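# Breakdown of the fold
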Amino acid sequence: MINVTKTYLPDFDQYVSYLRKIWDKSLLTNNGPLAQELEQGLKEYLNVDHLYFCGNGTIVLQMALKLLDEPGEIITTPFSYVATTNVILWENSTPVFVDIDSHTYCINPDLIEAAITERTRAILATHVYGNACDVEAIEKIAKKHNLIVIYDGAHAFGATLNGRSLLSYGDFSTCSFHATKLFHTVEGGAIIANDAKWHDKLHLLRAFGHRGDDYYFVGINGKNSEVHAAMGLCNLPLVPQLIAARKAVCDLYTELLDWNHLEAPQWVEGLGRNYAYYPVVFESETKTLEVRDFLVKNEITPRRYFYPSLNKLPFLKDAESCPVSEDISLRVLCLPLHAELPHEDVRRISELINQIL
Ligand SMILES: *Cc1c(COP(=O)(O)O)cnc(C)c1O
């Protein structure tokens, strides 16, 4: 059975040596030494100043939205994982969907201004598959209309744009360190702020909004544990080699697949890819499902990612129509990809797909 992804597990004894340190100190959570060490390592790897290691990639989005002065309309992308929309609804705001660019699959900046009203508070866009949103155009619009920019960078770890971590753009970027992601801490996430003025608020927000007996505002439990940090400390030094191994898998797919009948996203100029996903777009939904069923019959599980287009979620009423996102989401599959995927499997998967094409 070949799944769409497989969690990378570091050396067992190394992980146990971290567990030993945890046992020695009897300190399991509350911003302990390993969480702090991981936070420091992540700041250095990403070259950012204000990064907060948190419980998962969803709570960090909620924390970012919590920093807005009040709920309102949030301009967002329909082509992302459901968490991106859920957090907006969870925080009592209204998602306003703006369609994606047909080449990059990230939010189309040319359509953003028409969606801005006096209730708009922020733009929440996703760096889909580790591709970069048009950060310059979005920043310009946000400045003009005084909006906060939040990037859901759950796919963006290890990717760079013009030599800078993709996670360093926007007012806030968030990341997920879930076990299915390129770099993981089992469960985990981080929020990165680009301005020191948020430091104290994010610190407090992550830990119930109080410091000792001083209570400042409504916070939440956004913390993560020493046990999770230990997994991150094992995995972080391996990121460059994991990305290199993924690149080799992606390059082989690119070489072998029949591109007369397939499309892929256009990676933006200046992007240093992280090879987090391998999406392919077929000619029709029928073809997509035919390929998926054929692969499943051969014990290979690709994933419809993302499907459905989020403006089509059944619990949303009267969401904006987004023809490009709706179309792509019907025709896209992410192929199996992880650092340890044997190249002979990539050959077999490619051959099976080409057969159907
Ligand atoms: C994985 C993911 C999330 C959620 O992250 P968790 O750590 O699972 O909470 C949010 N947005 C996107 C785009 C994701 O891929």
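Residues numbered from 1 in each chain as written. Predicted model: local features only at pLDDT ≥ 70, side-chain atom pairs only at ≥ 80, totals over all residues. Heavy atoms only, no water.

### A short note on the UniProt feature "active site" (unreviewed entry) in the protein
Per the UniProt record, "active site" (unreviewed entry) is annotated on Lys-181. For Lys-181, a relative accessible area of 14% corresponds to the buried category. With residues up to four places along the chain from it excluded, the contact list for Lys-181 reads Ala-154, His-155, Ser-176 and Tyr-277. (UniProt positions renumbered as here; feature names shortened; annotations may be inferred. Buried < 20%, exposed > 50% of the residue type's maximum accessible area, 1.4 Å probe, protein only. Contact = heavy atoms within 4.5 Å.)

### Points about the environment of Thr-180
Structurally, the position occupied by Thr-180 is in the loop between β8 (172-176) and β9 (189-193). Among the residues examined, Thr-180 registers a relative accessible area of 36% and is labelled partly exposed. Beyond its immediate stretch of four places on either side in the chain, Thr-180 contacts Thr-5 and Thr-7. Of note is the side chain of Thr-180, whose polar atom sits 2.8 Å from the side chain of His-178. (Helix = DSSP H or I, 4+ residues; strand = E, 2+ residues; numbered from the N terminus. Polar contact = N/O pair within 3.5 Å; in protein donor to acceptor, adjacent residues only side chain to side chain.)

### Concerning the pairing of β9
By the criterion of burial, β9 is predominantly enclosed, with 5 of the 5 residues buried. Of the two faces of β9, the one holding Gly-189, Ile-191 and Ala-193 and the one holding Ala-190 and Ile-192 are both buried throughout. Note: strand β1 (residues 50-54) against β9, 5 bridges, orientation antiparallel. Among the inter-strand pairings, Leu-51 is bridged to a residue of β9, identified as Ile-192. Direction of pairing for β8 relative to β9: antiparallel, over a ladder of 5 bridges. Bridge pairing links Phe-172 to Ala-193 in β9. (Pairing = 2+ DSSP bridges.)

### A few points about the domain arrangement of the protein
One can read the domain layout of the protein as domain 1 (12-98 + 106-237) and domain 2 (238-356). One C-alpha centre belongs to domain 1, the other to domain 2; they are set 25 Å apart. Facing the 35 residues of domain 1 at the interface are 35 residues of domain 2. Summing both partners gives a buried area of about 2,800 Å² for domain 1 against domain 2, and 65% of it is carried by carbon and sulfur. Considering only the side of domain 1, the residues that lose the most area to domain 2 are Phe-97, Tyr-129 and Leu-182, jointly responsible for 28% of the buried surface there. Linking domain 1 with domain 2 are 0 salt bridges, by the criterion used here. One can count 14 residue pairs in polar contact (both at pLDDT 80 or more) joining domain 1 with domain 2. At the level of secondary structure, the elements contributing two or more residues to the side of domain 1 that touches domain 2 comprise α4 (82-90), β3 (94-97), β6 (160-161) and α7 (226-235). No other element matches the 4 residues that α4 contributes to the side of domain 1 that touches domain 2. (Domains from an automatic or database assignment. Buried area = accessible area lost by both parts, 1.4 Å probe. Salt bridge = Lys/Arg side-chain N within 4 Å of Asp/Glu carboxyl O.)

### Side note on the side chain of Asp-99
For Asp-99, the location among the structural elements is in the loop between β3 and β4 (120-126). No salt bridge is formed by the buried Asp-99, whose closest oppositely charged neighbour, Arg-331, lies at an N-O distance of 11 Å. Engagement of the side chain of Asp-99 in a polar contact is seen with the backbone nitrogen of Val-324, the distance being 2.7 Å. Separated by 2.9 Å, the side chain of Asp-99 and the backbone nitrogen of Ser-325 make a polar contact. Every residue in contact with Asp-99, bar those within four places of it in the chain, is listed here: Pro-78, Ile-107, Asn-108, Leu-111, Cys-322, Pro-323, Val-324 and Ser-325. (Lys, Arg positive; Asp, Glu negative; His and termini not counted.)

### A look at the nonpolar core
Of all hydrophobic cores here, the largest spans 90 residues; its most connected members are Tyr-129 and Phe-157. The leading source of residues in this core is helix α8 (residues 239-256), at 6 residues. Inspection of this core shows a minimum of three residues originating in each of domain 1 (12-98 + 106-237) and domain 2 (238-356). With near-sequence residues (within four places) excluded, Phe-157 lies in contact with Leu-42, Tyr-45, Leu-46, Leu-167, Cys-175, Phe-177, Leu-182, Phe-183, Leu-236, Val-239 and Asn-274. Judged by nonpolar contacts, the second largest core, of 23 residues, contains Leu-124, Ile-150, Phe-172 and Trp-198. (Core = buried A, V, L, I, M, F, W, Y, C linked by side-chain atoms within 4.5 Å.)

### Digging into helix α6 (residues 199-206)
Among all positions of α6, only Leu-202, Leu-204, Leu-205 and Arg-206 are buried. Against the buried residues of α6 lie α2 (33-46), β1, α3 (59-66), β8, β9 and β10 (210-211). Phe-208, located one to two residues past α6, shows a positive phi value of around 70 degrees.

### A look at the site of the ligand
Looking at the ligand, there are 16 residues lining it, with Gly-57, Thr-58, Asp-152, Ser-176 and Lys-181 nearest. The side chain of Lys-181 places a nitrogen or oxygen atom 3.2 Å from an oxygen atom of the ligand. Out of a free accessible area of 380 Å², the ligand has 92% covered by protein chains. (Near = heavy atom within 4 Å. Areas by Shrake-Rupley, 256 points an atom, 1.4 Å probe, with all protein chains shown as cover.)

### Thoughts on the UniProt feature "modified residue: N6-(pyridoxal phosphate)lysine" (unreviewed entry) in the protein
When the UniProt feature table is mapped onto this chain, "modified residue: N6-(pyridoxal phosphate)lysine" (unreviewed entry) is found at Lys-181. By the secondary structure assignment, Lys-181 is in the loop between β8 and β9.

### Side note on the pattern of salt bridges
Once their charged atoms are close, side chains differing in charge can pair, the charge on each being opposite to the other. The tally for this structure, following the rule as stated, stands at 13 salt bridges. Arg-121 serves as the salt-bridge partner of Glu-70, at 3.1 Å between the closest nitrogen and oxygen. Residue Glu-70 is found in the loop between α3 and β2 (73-76), and its partner Arg-121 is found in strand β4; the two are separated by 51 residues along the sequence. Between Asp-200 and Arg-211 there is a salt bridge, and its shortest N-O distance comes to 2.8 Å. You can see Asp-200 sitting in helix α6 and its partner Arg-211 sitting in strand β10, a full 11 residues away along the chain. Within this structure, Glu-263, Asp-327 and Arg-331 form a network of salt bridges that share partners.

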